[in-house]
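So the chains spell out like this:
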Amino acid sequence: MKAVVQRRYGSAVFGELAVPVPREGEVLLEVRAAGVDMGVWHLLEGKPYVVRILGFGFRGPKSPVPGRDVSGVVKEVGPGVTAFAVGDEVFGTCEGSFAEYAVAPVSRLARKPEGISFTEAAAVPISGGTALEGLRGVRPGQRVLVLGAGGGVGSYGVQIAKALGAHVTGVCSTTKVELVRSLGADEVFDHTVADFTGTYDLILSCGGARPLSRLRRATVAGGRIVLVGSEDGGAVTGGFEKSLASVLQNPFIKQKFVPLVARERAEIFDELRVLVEAGRVKPAVGKVFPLSEALDAIDHVYSRRSAGKTVVAI
Ligand SMILES: NC(=O)c1ccc[n+]([C@@H]2O[C@H](COP(=O)([O-])OP(=O)(O)OC[C@H]3O[C@@H](n4cnc5c(N)ncnc54)[C@H](OP(=O)(O)O)[C@@H]3O)[C@@H](O)[C@H]2O)c1
C-alpha cells in the first residue's frame, strides 16, 4: 500500500508498506481521509521530548506511519470484533492513518455520521472530542470564551458551546474572523488588533500564550479555565510545568484551572456523530491535500496558516 513512512523522529517519506493485519479487537480500514493536527507534527518530530516517554516510542516512533484521525470503510475484522462488519463506514482514531489501509481498535471507532463526506468525518474525532470534553457541564446562558477559535479544536469549541446554549466569544487572527463568525460566535476578537475583554464562566484555551493570571482575571468566581494547549511550551516538556503551576493554584483561587488530556473513545465519537447528524456541529474543513502531499499538509498546520481543519484525502 502507499503510505507516509516514518522510521525515525524528524523524517518521513511517501513510500510503500505492507498492508497491516488486524489483531484481536481491531479492524482493517480502507482509509478514505485522515485529519491533520499539531499532534501529528509532535509525533512526527518526537517533540516535546516528553512524548517519547509517554508510550509513543523512545528511540524512534512505534508506529511506522503517522496520522491518527481517520475515516474509512471496514475491509476486514480481527478476532473478537462484533461491533462492526465488512463494509461499515466509520470514523475515529488509529495509529497510522496517512496510508491507504490502517488498523484501528474498535474502542476508538464509531459509525460515520450520515450526511457528511469522509473528508469531513476525518476532521472530527480528535479536535471535536477535545472540544466536547473541555466544554462538559456548560449550561445555557453561560458565557464561554474560545481562544484559538479559528483552529481545529476551537472551531468545534465555538459550535459545541453554542449547541449547549452558551453565549460564545471567539478569539482568532484577522483571516479567521469570518470563519469564526460563520461557526456561530456571538462576538469575535481579532487578537492581532486588540486582545479580548470581559469575564467568562468558562475559557477554552486552545491557542496563544497568555499568562495564567490573565486567564484567571477574565473568569468569574466559580468559573473554569480549560487549558487545551498552545505551542509555546518548549521542546522538552511542552508546557507541562504551566499545567502543574495552574493546578497548584486551584486551592487558593476562586476559579478552577483544568488542564485537559482529551480521551479518544468510541462513546465520545458517537456523541459527536449525534451532534453532526442533528446539524448542531459542522466540520470546518480548511485545505485538503492528497496522500502524496501529506507532509505538506503537516507543514501547513505547523505554519499556522490553516483555518479550521486540514485533511488528507486518500
Ligand atoms: N489537551 C489535549 O488533549 C489536546 C488535544 C488536541 C490538541 N491539543 C493542543 O491544543 C492546541 C490547539 O490545537 P488545534 O488542533 O486547535 O491547533 P490549531 O488548529 O493550530 O489552532 C490553534 C489556533 O490558535 C490560534 N492562536 C495563536 N495565537 C493566538 C492568540 N494569541 N490568541 C488566540 N488564538 C491564537 C491560531 O491561529 P490564529 O492566531 O491565526 O488565530 C490557531 O488557529 C495545540 O497546541 C494542540 O497540540 C491538546
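Small disclaimer: the values here were computed from a predicted structure and weren't measured. (Residues numbered from 1 in each chain as written. Predicted model: local features only at pLDDT ≥ 70, side-chain atom pairs only at ≥ 80, totals over all residues. Heavy atoms only, no water.)

Here's the deal with the overall build of the protein
Right, so step 1: Of the regular secondary structure elements, the protein holds nine helices and 15 strands.
Right, so step 2: With respect to the three principal axes, the spread of C-alpha positions in the protein is 55 × 40 × 35 Å.
Right, so step 3: Per-residue burial for the protein yields a buried fraction of 52% across its 314 residues.
Right, so step 4: The long-range fraction of contacts in the protein, counting pairs at least 24 apart against all pairs at least 6 apart in sequence, stands at 66%.
Right, so step 5: Carbon and sulfur atoms form 55% of the exposed surface of the protein, whose accessible area is close to 13,800 Å².
Right, so step 6: The average position of the 37 basic charges and that of the 32 acidic charges among the side chains of the protein differ by 6 Å. (Helix = DSSP H or I, 4+ residues; strand = E, 2+ residues; numbered from the N terminus. Buried < 20%, exposed > 50% of the residue type's maximum accessible area, 1.4 Å probe, protein only. Contact = heavy atoms within 4.5 Å. Areas by Shrake-Rupley, 256 points an atom, 1.4 Å probe, with all protein chains shown as cover. Lys, Arg positive; Asp, Glu negative; His and termini not counted. Charge placed at Lys NZ, Arg CZ, Asp CG, Glu CD.)

Brief notes about the nonpolar core
The nonpolar side chains of a soluble globular protein tend to be buried, and buried together.
Right, so step 1: Core analysis: the biggest nonpolar cluster contains 42 residues, and Leu135, Val144, Val158 and Ile160 have the highest contact counts within it.
Right, so step 2: Looking at this core, the elements with two or more residues in it are α2 (118-122), α3 (125-134), β8 (143-147), α4 (152-163), β9 (167-172), α5 (177-182), β11 (200-205) and α8 (266-277).
Right, so step 3: Looking at this core element by element, the count peaks at six residues for α4.
Right, so step 4: A domain split of this core shows at least three residues from each of domain 1 (2-124 + 283-313) and domain 2 (128-259).
Right, so step 5: Non-local contacts of Leu135, meaning those with residues more than four positions away in its chain, are made with Val144, Gly157, Ile160, Ala161, Leu164, Leu202 and Leu204.
Right, so step 6: Membership of the second largest hydrophobic core comes to 22 residues, among which are Ala3, Val4, Ile298 and Val312. (Core = buried A, V, L, I, M, F, W, Y, C linked by side-chain atoms within 4.5 Å. Domains from an automatic or database assignment.)

Observations concerning the domain arrangement of the protein
Right, so step 1: Per the domain assignment, the segments making up the protein are domain 1 (2-124 + 283-313) and domain 2 (128-259).
Right, so step 2: Distance between the C-alpha centres of domain 1 and domain 2: 27 Å.
Right, so step 3: Counting from both sides, the interface comprises 14 residues of domain 1 and, opposite them, 17 residues of domain 2.
Right, so step 4: At the boundary of domain 1 with domain 2, total buried surface from both sides reaches about 1,100 Å², with 55% on carbon and sulfur atoms.
Right, so step 5: Along the contact surface separating domain 1 from domain 2 lie zero salt bridges.
Right, so step 6: Our enumeration of links across domain 1 and domain 2 arrives at four residue pairs in polar contact (both at pLDDT 80 or more).
Right, so step 7: Looking at the side of domain 1 that touches domain 2 residue by residue, the class counts come to nine nonpolar, three polar and two charged. (Buried area = accessible area lost by both parts, 1.4 Å probe. Salt bridge = Lys/Arg side-chain N within 4 Å of Asp/Glu carboxyl O. Polar contact = N/O pair within 3.5 Å; in protein donor to acceptor, adjacent residues only side chain to side chain. Nonpolar A, V, L, I, M, F, W, Y, C, P; charged D, E, K, R; others polar.)

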